[in-house]
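Examination of the molecular architecture
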Amino acid sequence: IHGKLSDFDLQTRNMYIAIAVLLLLFAGCGFFIILLQKDELHKDVQYFLVRHKLQKYINYESVSVTLSDIARINGVRIKDSPTLDFPNETDSVTVRAYAEQASIPSHLSLALRGVRFSLRDVVRNLGDDETLTEDFTSFNPVSDLFARPLHAFLLAGCDRVNADADLRYSYFPSSRKLGIQLDIRDKCLGRWSLSVSFGSITNAQQGRLVIGLQKFLTKGYPAFEISEFLNGAVVTELTFSYTETRLVKGYKKFVDMLYLRLPGRPSPAEPDHAGMREIVTYLSFSSPHRQRNADMARTIADFIRAPDKITFRSRPGKQAVLNSLPGESYRRLIEMLMRLDMSVTLQSSAFEL
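Keep in mind that this is a model prediction, so the values were computed, not measured.

Quick look at the overall build of the protein now. Looking only at helices and strands, one finds 11 helices and 12 strands in the protein. The buried share of the protein, taken over its 353 residues, is 37%. At a minimum sequence separation of 6, the contacts of the protein that also span at least 24 residues come to 61%. Within the structure as shown, the protein displays about 21500 Å² of accessible surface, and the carbon and sulfur contribution to it stands at 60%.

Now the structure itself:
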């Protein structure tokens, strides 16, 4: 019996050794496969950058292999770009999905984590140091809030950006529909979410958009390409929401200090009755629905008084042909919102980075 037990123990031990060896072989093969995948991904990334002439402008440290995504590019930096010529760094750019139809990009999903830069550097890049002090000295807290939004962000105390972002892009050549979804989150700037759908987008227009994004990085603002993309385009759906963290509160604090708000006195940063009438009058310039515009103005004023989450949403079935919008850029934006019959709602929502 003792001999039989010894033989059994020996067989069991040999079996465990065999299993351990197999596991080591599988682990070694798996590690080798991962190395091959990383090498192939690195070549794919390099090929993509060379193909789109971006290898001079984008640097990265490494490429990671993920189970559910296509690739993760780590330590990304943009350099020698005329539009992004300031220190910047992104921890990782994850390509979650990518597809083409007849060599036309039809679907793209990206996740950016740890996008870091200084807004002050961005403002300097747009102008120069000599005029920077003058810009802030002559800054109008009302009109320049839209004309110089980056200055307003700085005055609100949001200089150092450390944001996460998610982007989804889809294009359907057969139906000429294009959709963009963008979600940006920062501890000071808050959360900005945009979803917009376009109709009547031809393959040529879609190509202009892709070329424009490339030129934005390599040659400066692509005014011609953006104009060609928007030529004849129809906005069929639009949703935008903003969730407050410190941006609005910081800007209100700046305005209160600018006008030396006394204790117990109303804040000059919050719209009074005269300010409400100005908002309604401005909106009513392009819309006969004065009562609806008054409701929108009250909702916006309530958000300014107690900022949390505000959402603008177009009414289903409404459209705006961009070619037919009159006036300058801000007037055209307001006109588009009116034609889309936008609704404005407030809701309480805890911010999550």
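Of note, Ser 174 is situated in the loop between strand E6 (160–172) and strand E7 (177–186). Along the primary structure Ser 174 and Asn 203 are separated by 29 residues, whereas in three dimensions their C-alpha atoms are 9.5 Å apart.

A few words now on the pairing of strand E8 (residues 190–199). Bridge count for E7 against E8 is nine bridges, and the pairing is antiparallel. By the bridge assignment for E8, Arg 185 is matched with Arg 191. Hairpin connection between E7 and E8: a loop of three residues separates the two successive antiparallel strands. The pairing of E8 with strand E9 (residues 234–243) spans nine bridges and is antiparallel.

Turning our attention to the environment of Ala 156. With respect to the element layout, Ala 156 can be found in the loop between helix H5 (149–155) and E6. Residue classification places Ala 156 among the buried residues on the basis of a relative accessible area of 10%. Along the backbone, Ala 156 and Phe 254 are 98 residues apart, and their C-alpha atoms lie at a distance of 6.4 Å. Here Ala 156 is in contact with Leu 247, Gly 250 and Tyr 251, once residues within four sequence places are set aside.

Moving on, we get to helix H11 (residues 329–339). Residues of H11 that are buried include every one of Arg 331, Ile 334, Glu 335, Met 336, Leu 337 and Met 338, and no others. One or two steps after H11, the chain reaches Asp 341, where phi turns positive at roughly 55°.

Taken as a whole, the protein shows an average pLDDT of 82; of its residues, 84% reach a score of 70 or greater. No element of the protein has a lower mean pLDDT than helix H1 (residues 2–51), which averages 52, and none a higher one than E9, which averages 97. Overall, residues 1–5 carries pLDDT values under 50, and its contacts beyond four positions in sequence, including any with other chains, amount to zero contacts. A low-confidence stretch, residues 16–37 stays under pLDDT 50, and its non-local contacts, those more than four residues away or across chains, total two contacts.

What counts, and where the lines are drawn
Residues numbered from 1 in each chain as written. Predicted model: local features only at pLDDT ≥ 70, side-chain atom pairs only at ≥ 80, totals over all residues. Heavy atoms only, no water. Helix = DSSP H or I, 4+ residues; strand = E, 2+ residues; numbered from the N terminus. Buried < 20%, exposed > 50% of the residue type's maximum accessible area, 1.4 Å probe, protein only. Contact = heavy atoms within 4.5 Å. Areas by Shrake-Rupley, 256 points an atom, 1.4 Å probe, with all protein chains shown as cover. Pairing = 2+ DSSP bridges. pLDDT = per-residue confidence, 0-100.

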